[in-house]
Amino acid sequence: MTGCELDAALRTLHPGLRERAAEHIARTERAGFEVRELIAWESIERREELWRRGRALEAGAWRVRDPALIVTHSRLGWHPFGFAYDLDVTREGKPLRSARAWSRVGELGRTLGLDWHGDSSAQWNNRHHFQWPMGAAGVWPKDAAKLFRQHGSLEALWRELERRVPELRGVAA
Ligand SMILES: [Zn+2]
């Protein structure tokens, strides 16, 4: 990922998360890792497509058909609204595999106030994924989806969420 591609990906995030993601990447690289890719905004359609991988609709409900094909446990999540990103991290050119190495990257995100659940044994644990702690403010992706439909743009959704989540305020766009 070039610096230019990284900047473009960062710009799809809410300014508050954008600032923390840039700092997270800088701290991760100072700790001796390389950030190879940042996946930030993804469309609702893209999330749905990822979520359906390895699943099949049976009697009106989605069920796991092939666990090896599962790439996400979050059907909607915060990616379509600019409040989540995934990091692809290497050390000396090799993908990070150890839980210990990942927990360093995860802790760097947590110290910036982000949610990271990569050390959890929960089924939805995803080491690459970081997000704004919206759950602490009682705001969920389905709420954001509804507001997005009402307001019609990401910027308008962001302004609306800034009214509900005080910590998002005061960050210049
Ligand atoms: Zn993610």
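About the cut-offs
Residues numbered from 1 in each chain as written. Predicted model: local features only at pLDDT ≥ 70, side-chain atom pairs only at ≥ 80, totals over all residues. Helix = DSSP H or I, 4+ residues; strand = E, 2+ residues; numbered from the N terminus. Rg over C-alpha atoms; globule rule 2.2 N^0.38 Å. Buried ≥ 20, exposed ≤ 12 C-beta atoms within 10 Å, placed from the backbone. Axes fitted to C-alpha atoms, helices over the stretch in contact; angles between N-to-C directions. Left-handed = near helix turned anticlockwise from the far one by under 90°. Contact = placed C-beta atoms within 7 Å. Pairing = 2+ DSSP bridges. Domains from an automatic or database assignment. Parallel < 35°, antiparallel > 145°, perpendicular 65-115°, else oblique. Nonpolar A, V, L, I, M, F, W, Y, C, P; charged D, E, K, R; others polar. Core = buried A, V, L, I, M, F, W, Y, C linked by C-beta atoms within 7 Å.

(A) Spotlight on the overall build of the protein chain. On a plain count of helices and strands, the protein chain comes out with 6 helices and 6 strands. Tracing the protein chain from N to C terminus, the helices and strands come up as α-α-β-α-β-β-β-β-α-β-α-α. Here the C-alpha atoms of the protein chain give a radius of gyration of 16 Å, agreeing with the 16 Å that 2.2 N^0.38 yields for 173 residues. With respect to the three principal axes, the spread of C-alpha positions in the protein chain is 45 × 45 × 30 Å. When the 173 residues of the protein chain are sorted by exposure, 24% land in the buried category.

(B) Structural view of the packing of helix α2 (residues 15-30) against helix α4 (residues 99-110). At a closest axis distance of 9 Å, the pairing of α2 and α4 adopts a crossing angle of 145 degrees. The interaxial crossing formed by α2 with α4 has right-handed handedness. Contact residues: His24, Arg27 and Thr28 in α2; Val105, Leu108 and Gly109 in α4.

(C) Spatial organisation of the environment of Arg46. Mapped onto the elements, Arg46 comes out in helix α3 (residues 44-52). Exposure remark for Arg46: the 12 C-beta atoms within 10 Å place this residue in the exposed category.

(D) Main features of the environment of Phe81. Examined against the element boundaries, Phe81 turns out to sit in the loop between β3 (61-64) and β4 (84-91). In this structure Phe81 touches Pro141, Ala144, Phe148 and Leu157, once residues within four positions along its chain are discounted.

(E) Structural view of the pairing of β3. Strand direction decides the pairing type here: strand β2 (residues 55-58) and β3, joined by 4 bridges, are antiparallel. Residue pairing across strands places Arg55 opposite Val64, the latter belonging to β3. Adjacent in sequence and paired antiparallel, β2 and β3 are bridged by 2 residues, among which Ala59 carries a positive phi angle near 50 degrees.

(F) Here's a closer look at the domain arrangement of the protein chain. In terms of domain boundaries, the protein chain breaks down into domain 1 (3-136) and domain 2 (137-173). The straight-line distance from the C-alpha centre of domain 1 to that of domain 2 is 20 Å. Taken residue by residue, the interface counts 11 residues in domain 1 and 15 residues in domain 2.

(G) Structural view of the packing of helix α5 (residues 141-151) against helix α6 (residues 154-164). The geometry of α5 relative to α6 is characterised by a closest axis approach of 9 Å and an angle of 125 degrees between their N-to-C directions. Classed by the angle they form, the pair α5 and α6 counts as oblique. The handedness of the crossing between α5 and α6 comes out as right-handed. Note on element contacts: α6 touches α5 through Ala156, Leu157 and Glu160, opposite Ala144, Leu147, Phe148 and His151. Counted by class, the contact of α5 with α6 contains 5 nonpolar, 1 polar and 1 charged residues.

(H) Broad picture of the nonpolar core. Grouped together as the largest cluster of nonpolar side chains are 27 residues, with contacts concentrated most on Trp78, Phe83, Tyr85, Leu87, Phe130 and Trp132. Of all the secondary structure elements, the ones that give two or more residues to this core are α2, β4, α4 and α6. The element contributing the most residues to this core is β4, with 4 residues. Taken domain by domain, this core gets at least three of its residues from each of domain 1 (3-136) and domain 2 (137-173). Not counting residues within four places of it along the chain, the set of residues in contact with Phe83 comprises His14, Leu17, Trp78, Gln131, Trp132 and Met134.

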